[in-house]
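Chain by chain, the residues:
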Amino acid sequence: MSVQKADVVIVGGGLMGSATAFFLRRRGQSVILLERDQIGQYASGVNFGNVRRQGRFLGQLALANRSWALWKRLPELIDDDLEFIPSGHMRVCYCDDEIAELEAYAAAPEAAQLDLKIYRGAELRQRFGFLGPDVKGGSYAPHDGHANPRLAAPAFARAAKRLGAQIEERTEVAEVQKVGADFHITTTDGRQFQAAQLLITAGAWGQKLSAQFGEPVPLDTHGPQMAVTEPVPYALPTVIGVYTKIPEEVIYFRQIPRGNIVIGGGYRSKPDMLNRRAYVEPRSILNQVNQMRRLLPGVGNLSIIRVWSGIEGYLPDSLPIMGPSGTVDGLFYAFGFCGHGFQLGPGVGDVMAELLSTGSTSTPIESFSITRFAEPAEQRSHAS
């Protein structure tokens, strides 16, 4: 059987991998993307759909801003509609002292492009009169919005394929080796692939591959909890999310133009990684209904018509792993986006394509390096 070769092989067909394949082809690089199941099946296709910049780690805003510039160019960029609506995003809180935290974030130089406005008191009630009486204030981001996550990764993969990328679904990697200057990848069906550069965008499974190259990371997996209501007249264009340190109070919702209200947040489930199954926690859905009544009293009697979950990878510092390997030349990572990668997807693809093609990127990503989890050399020697 002949070996299939490309400049870059990407392992993992979520939004990060699919977007990188697209931008690599725009830069003239040959690329093969290998996806064990279907494109966008896990975290990328089942998340809430928030296209928000506010509330991110300030050091991540340069990447988020780069991604936002690409979101604004859809569908012209990929010739596909992801149902992106720059509807505004409101981050509300139940405690007066949290308003000061929202104000400090809005005042940070890194947040200047977000044009954030803080609401409280009478001004809050005038602008967002539908919010419950417990809401004390909030931060409004006029340029943020939402999109349909089910459409995103497949659309980027189709666009990459039209440009000449090789997209292989139902293709599970059995073994990866670095032989000389190249990576040799063998799949469970016996096919072989080869490239000088390898990008791992395998989401919640990324650490299994990084560990094989001597770079284990403390990645944990969770299943986000999502629900959607019956359709009602469209009246809530702004995405609303709660800023709180109490986990069960974390909730967010968005109404789509056809009328349904999509709800996320609260408790998370523990997925079955071996069988690649995620589960809905009944207590989480009940909590979402209760929290929605507090946040938006007018929806108390709406029926939930569907619930779902997915599989996401989380790291202790809530930051992703993104950039080159610390130990292996030609190896790169983009995984572990801790439940907030959807907005970043196009930007991550653009940055990784730039990095793979040129060896550097104009967007700062050093904070996301996998080397932050490397054991000191003396610890490794004691353990061996």
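Taking an unreviewed UniProt entry as the reference, the chain is identified by name as FAD-binding oxidoreductase belonging to Pseudomonas tritici.

**Q** Any chance you could explain the layout of surface pockets here in plain terms?
**A** If a probe as big as a water molecule is rolled over the atoms, it shows which places are left empty. Approximately 340 Å³ is the volume found for the second largest pocket. In this structure, the second largest pocket is lined by 17 residues; those nearest its centre are N148, R150, V262, R306 and W308. Looking at the lining of the second largest pocket, the elements that each hand over two or more residues are α2 (43–46), α6 (149–162) and β17 (304–308). No other element matches the three residues that β17 contributes to the lining of the second largest pocket. Counted by class, the lining of the second largest pocket contains eight nonpolar, four polar and five charged residues.

**Q** When you look at the UniProt feature "domain: FAD dependent oxidoreductase" (unreviewed entry) in the chain in this model, what are you seeing that I'm missing?
**A** If you check UniProt for "domain: FAD dependent oxidoreductase" (unreviewed entry), the listed places come out as residues 7–355 in our numbering. The distance separating the terminal C-alpha atoms of residues 7–355 is 13 Å; by composition the span is 26% helix and 26% strand.

**Q** When you look at the side chain of T363 in this model, what are you seeing that I'm missing?
**A** Mapping T363 onto the fold places it in the loop between α9 (345–358) and α10 (377–383). Given the relative accessible area of 6%, T363 is considered buried. At a separation of 2.8 Å, a polar atom in the side chain of T363 contacts the side chain of R66. Beyond its immediate stretch of four places on either side in the chain, T363 contacts A62, L63, R66 and V351.

**Q** Help me out: how do you make sense of unusual backbone geometry in this one?
**A** Leaving glycine aside, a negative phi is the common case for residues, and trans is the common case for peptide bonds. The omega torsion of the bond from L74 to P75 falls at 0 degrees, within 30 degrees of zero and hence cis. Position of P75 relative to the elements: it lies in the loop between α3 (61–71) and β4 (89–93). In this model, D79 sits at a positive phi of 55 degrees, which is unusual for a non-glycine residue. Here D79 lies in the loop between α3 and β4. Positive phi outside glycine occurs at C338, with the angle close to 55 degrees. As for its placement among the helices and strands, C338 is situated in the loop between β20 (331–335) and α9.

**Q** Can you walk me through the sheet that holds strand β5 (residues 117–120) in this structure?
**A** Consider a sheet: its strands pair through backbone hydrogen bonds, and that pairing is either parallel or antiparallel. If you walk across this open sheet you meet the eight strands as β5-β6-β4-β14-β15-β16-β13-β17, and the pairing is mixed. The open sheet has two free edges, formed respectively by β5 and β17, since each of these has just one partner strand. Within the sheet, the average angular offset between the axes of one strand and its neighbour, ignoring direction, is 20 degrees. Sheet analysis places β5 next to strand β6 (residues 137–141), joined by four bridges and oriented antiparallel. Along β6, the bridge assignment pairs Y119 with G138.

**Q** Where do I start with the confidence of the model for the chain in this structure?
**A** Reading predicted coordinates in detail is not appropriate for stretches of low pLDDT. On average, residues of the chain score 95 in pLDDT, and 98% of them are at 70 or above. Overall, residues 377–384 carries pLDDT values under 50, and its contacts beyond four positions in sequence, including any with other chains, amount to one contact.

**Q** Any chance you could explain the environment of K208 here in plain terms?
**A** Structurally, K208 is set in helix α7 (residues 206–212). The class for K208 is exposed, based on a relative accessible area of 52%. Put simply, K208 and L219 are 11 residues apart on the chain and 9.5 Å apart in space, counted from C-alpha to C-alpha.

**Q** Got a minute to help me understand the pairing of strand β11 (residues 192–200) in this structure?
**A** Regular strands have side chains that alternate between both faces of the sheet. Of all nine residues that make up β11, seven are buried, and the element is covered over most of its length. As paired elements, strand β1 (residues 3–11) and β11 share eight bridges and run parallel to each other. Residue pairing for β11: I10 is matched across the bridge by L199. Taking the residues between adjacent antiparallel strands as the criterion, strand β10 (residues 182–187) and β11 are bridged by four residues, where G190 takes a positive phi near 90 degrees. Where β11 lies against β20, three bridges are found, and the strand directions are parallel.

What counts as what
Residues numbered from 1 in each chain as written. Predicted model: local features only at pLDDT ≥ 70, side-chain atom pairs only at ≥ 80, totals over all residues. Heavy atoms only, no water. 1 Å grid on protein atoms, 1.4 Å probe; cavity = no way out; pocket = protein on both sides within 12 Å on 5 of 7 lines; lining within 4 Å. Points joined across faces, edges and corners; volume = space filled by probe spheres on them. Helix = DSSP H or I, 4+ residues; strand = E, 2+ residues; numbered from the N terminus. Nonpolar A, V, L, I, M, F, W, Y, C, P; charged D, E, K, R; others polar. UniProt positions renumbered as here; feature names shortened; annotations may be inferred. Buried < 20%, exposed > 50% of the residue type's maximum accessible area, 1.4 Å probe, protein only. Polar contact = N/O pair within 3.5 Å; in protein donor to acceptor, adjacent residues only side chain to side chain. Contact = heavy atoms within 4.5 Å. Pairing = 2+ DSSP bridges. Axes fitted to C-alpha atoms, helices over the stretch in contact; angles between N-to-C directions. pLDDT = per-residue confidence, 0-100.

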